[in-house]
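What the coordinates show
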Amino acid sequence: MAPFTIKWGILATGGIAENFTRDLLTDPAARGVDDIRHEIVAVASSTSSERAAAFIKKIDGPASAKAYGSYAELVADTNVDIIYVATPHSHHFQNAMLAIQAGKNVLCEKALTVTASQTKKLVEAAREKNVFFMEAVWVRFFPLSIQIRELIKSGAIGPVYRVHADLSFNMDLPNGKIDFPDSHRMVNPDLAGGALLDLGIYSLTWVFQTLYHLKAEEDKEVPNVVSAINKYDTGADEMTSIICQFPKNKAMGIATTTLRVGTDLDGLYTGGPAIRIQGSGGEIQVTGPAYRPTEYKVIKKDGKGHVEVVQCPIPQDPKRDNWGHGMFWEADECARCLRDGKKQSDTMPWSESIVILETMDSALKQGNVQYPELITTDVFDPNSPLNTGKR
Ligand SMILES: NC(=O)C1=CN([C@@H]2O[C@H](COP(=O)(O)OP(=O)(O)OC[C@H]3O[C@@H](n4cnc5c(N)ncnc54)[C@H](OP(=O)(O)O)[C@@H]3O)[C@@H](O)[C@H]2O)C=CC1
Ligand SMILES: O=C1OC[C@@H](O)[C@H](O)[C@H]1O
């Protein structure tokens with residue numbers, strides 16, 4: 001049977017849009033996939049159509065792809081099946097809503113929105129418009145994550161009671177600053193900057209995919225959230241630690257993130273694990289980084305001291321300069337959901353995005369981190385500067 005083809009429209013032309021589209025352009029066969037395929041049919045830049053055209057050239061994309069100078073034109077393109085939203089988090093609510101209101105399916109970068117209320121509004125809209133909508137938490141779709149979830153389900157390490165997960169970067173400067181300009185999306189409150197929404201979301205992903213996602217519906221517990229936050233000069237969080245308490249399941253997840261020290265000393269992950277998933281019968285340790293891990297260890301409590309090390313390399317496509325970032329697996333999930341008429345992914349369901357956003361809301365509130373009204377409003381405005389690019 002011919003593979004099912006999904007036609008992508010790319011909204012924004014920054015760093016992650018580049019990695020994602022390069023992944024779309026790889027041959028699915030390079031990762032053993034033959035039931036679906038991806039096409040890039042249009043790219044939009046809020047800056048100019050020239051920028052969109054330059055982007056298509058840079059990624060060695062198809063000459064047939066349209067280059068638009070506005071997000072509005074992209075979402076109106078009837079040839080586009082699904083929009084990939086790749087703007088800063090500040091923009092996600094308005095941009096994703098622009099696409100959903102135009103009747104488009106949407107894959108939206110993490111952090112899905114700035115507030116839980118915005119995510120709820122997007123979910124309501126996706127339901128009303130009967131479109132597919134998913135948060136682009138790519139690591140959930142890695143074969144490594146699938147294997148680890150299967151191991152936990154199989155009882156390989158017994159009931160899991162505690163998970164420690166960290167994603168942190170050492171961006172510390174001797175003068176006390178962080179090595180990003182204050183205007184950079186990592187620390188700029190106008191762009192919803194801060195460690196939690198950018199990096200801590202991955203620590204939480206590991207907590208939730210192990211202590212929440214795998215539970216039967218009746219055992220799923222919305223956690224009690226306790227957080228501590230150190231704020232940066234800009235007002236964004238620079239160090240955030242969150243305890244998610246699941247009392248009925250006798251479990252806790254500890255999610256940490258900071259821009260002051262790295263998860264691993266040398267950035268090569270030769271040190272300790274980024275994630276420790278602890279069950280009463282053993283432990284799974286994931287070697288970092290939490291967003292793109294390629295190795296885990298299984299340590300059984302059997303008194304033999306045996307450690308099983310499992311490598312999960314990310315496939316590369318020799319026809320595309322050995323490119324392979326790992327974002328194709330989430331793209332494949334979108335394609336299969338569209339093919340099968342599903343509006344949400346079982347692996348990253350709407351309800352779970354909402355609980356995670358609520359957790360981040362609570363943590364930020366406890367740390368008194370505040371973002372501007374323009375980016376926290378849950379009222380859709382097609383003419384918002386976040387949609388028109390009029391900065
Ligand atoms: N999954 C992953 O591994 C990663 C995910 N991300 C996520 O992707 C999103 C984008 O990050 P990244 O690509 O690194 O960001 P960049 O700054 O590299 O790109 C963002 C793009 O958004 C558009 N944009 C629109 N308005 C603005 C504005 N006011 N300021 C800046 N950019 C604007 C621009 O494209 P244009 O001018 O064409 O409209 C710009 O190129 C974030 O939400 C981030 O969390 C980021 C890195 C890795
Ligand atoms: O999602 C991400 O993962 C990789 C990081 O480098 C980046 O800052 C973040 O947005």
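Thresholds applied
- Residues numbered from 1 in each chain as written.
- Chains lettered and ligands numbered in written order.
- Predicted model: local features only at pLDDT ≥ 70, side-chain atom pairs only at ≥ 80, totals over all residues.
- Heavy atoms only, no water.
- UniProt positions renumbered as here; feature names shortened; annotations may be inferred.
- Helix = DSSP H or I, 4+ residues; strand = E, 2+ residues; numbered from the N terminus.
- Buried < 20%, exposed > 50% of the residue type's maximum accessible area, 1.4 Å probe, protein only.
- Contact = heavy atoms within 4.5 Å.
- Lys, Arg positive; Asp, Glu negative; His and termini not counted.
- Charge placed at Lys NZ, Arg CZ, Asp CG, Glu CD.
- Pairing = 2+ DSSP bridges.
- Axes fitted to C-alpha atoms, helices over the stretch in contact; angles between N-to-C directions.
- Right-handed = clockwise from strand over helix to strand, strands pointing away.
- Patch = residues over 30% accessible without salt bridge, like charges linked within 9 Å, V, L, I, M, F, W, Y side chains within 5 Å.
- Areas by Shrake-Rupley, 256 points an atom, 1.4 Å probe, with all protein chains shown as cover.
- Salt bridge = Lys/Arg side-chain N within 4 Å of Asp/Glu carboxyl O.
- Polar contact = N/O pair within 3.5 Å; in protein donor to acceptor, adjacent residues only side chain to side chain.
- Core = buried A, V, L, I, M, F, W, Y, C linked by side-chain atoms within 4.5 Å.
- Domains from an automatic or database assignment.

- You'll find the chain entered in an unreviewed UniProt entry as D-xylose 1-dehydrogenase (NADP(+), D-xylono-1,5-lactone-forming), with Cylindrodendrum hubeiense given as the organism.
- Annotation of the chain in UniProt includes, under Catalytic activity (unreviewed entry), the sentence "D-xylose + NADP(+) = D-xylono-1,5-lactone + NADPH + H(+)".
- On record in UniProt, under Sequence similarities (unreviewed entry), the comment for the chain is "Belongs to the Gfo/Idh/MocA family."

**Description of the overall build of the chain**
- Within the chain, the regular secondary structure consists of 11 helices and 14 strands.
- Projecting the C-alpha coordinates of the chain onto the three principal axes gives extents of approximately 60 × 55 × 45 Å.
- Each of the 391 residues in the chain was classed as buried or not, and the buried ones make up 56%.
- Within the chain, contacts between residues at least 6 apart in sequence are counted, and of these 70% link residues at least 24 apart.
- Positive and negative side-chain charges in the chain, numbering 41 and 48 respectively, have mean positions lying 2 Å apart.

**Quick word on the sheet that holds strand β11 (residues 275–279)**
- The 8 strands lie next to each other as β8-β9-β10-β7-β11-β12-β13-β14, forming an open sheet whose pairing is mixed. Strands at the two margins of the open sheet, each flanked by one partner only, are β8 (224–231) and β14 (307–311). Direction aside, the axes of adjacent strands within the sheet are offset by 10° on average.
- Sheet analysis places β11 next to strand β12 (residues 282–287), joined by 5 bridges and oriented antiparallel.

**Here we look at unusual backbone geometry**
- The residue after Lys110, namely Ala111, is reached through a cis peptide bond having omega -20°.
- Turning to its location among the elements, Ala111 is positioned in the loop between β5 (105–109) and α5 (116–129).
- Note the cis peptide between Gly288 and Pro289, where omega equals -5°.
- The phi dihedral of Asp60 falls on the positive side, at around 60°, and the residue is not glycine.
- Here Asp60 lies in the loop between α2 (49–58) and β3 (66–68).

**Observations regarding the pairing of β5**
- Within β5, 5 of the 5 residues are buried, which leaves the element mostly enclosed by the surrounding structure.
- With burial as the criterion, each face of β5 is covered, one bearing Asn105, Leu107 and Glu109 and the other bearing Val106 and Cys108.
- Note that strand β4 (residues 82–85) and β5 share 4 bridges and pair parallel. Paired with Ile82 across the strands is Asn105, a residue of β5.
- Handedness of the β-α-β unit built from β4, helix α4 (residues 89–101) and β5 comes out right-handed.
- Sheet topology places β5 next to strand β6 (residues 133–136); 4 bridges connect them, and they run parallel. Directly across from Cys108, in β6, lies its bridge partner Glu135.
- Handedness of the β5-α5-β6 crossover: right-handed.

**With respect to a nonpolar patch on the surface**
- Among the surface-exposed residues, Val226, Ile243 and Met252 lie close enough to one another that they form a single nonpolar patch of about 240 Å² accessible area.
- Summarising the element assignment, Met252 is placed in strand β10 (residues 251–258).

**Digging into the environment of Arg276**
- Turning to its location among the elements, Arg276 is positioned in strand β11.
- Given a relative accessible area of 34%, Arg276 falls into the partly exposed group.
- Taking the C-alpha atoms as reference points, Arg276 and Asn224, separated by 52 residues in sequence, lie 20 Å from one another.
- Ignoring any residue separated from it by four or fewer positions in sequence, one finds Arg276 in contact with Arg162, Val163, His164, Glu283, Ile284 and Gln285.
- At 2.5 Å, the side chain of Arg276 and the side chain of Glu283 are in polar contact.

**Structural notes on the nonpolar core**
- In this structure, Trp8, Phe133, Trp206 and Ile277 are the most contacted members of the largest nonpolar core, which totals 125 residues.
- Two domains each put at least three residues into this core: domain 1 (4–138 + 374–388) and domain 2 (143–311).

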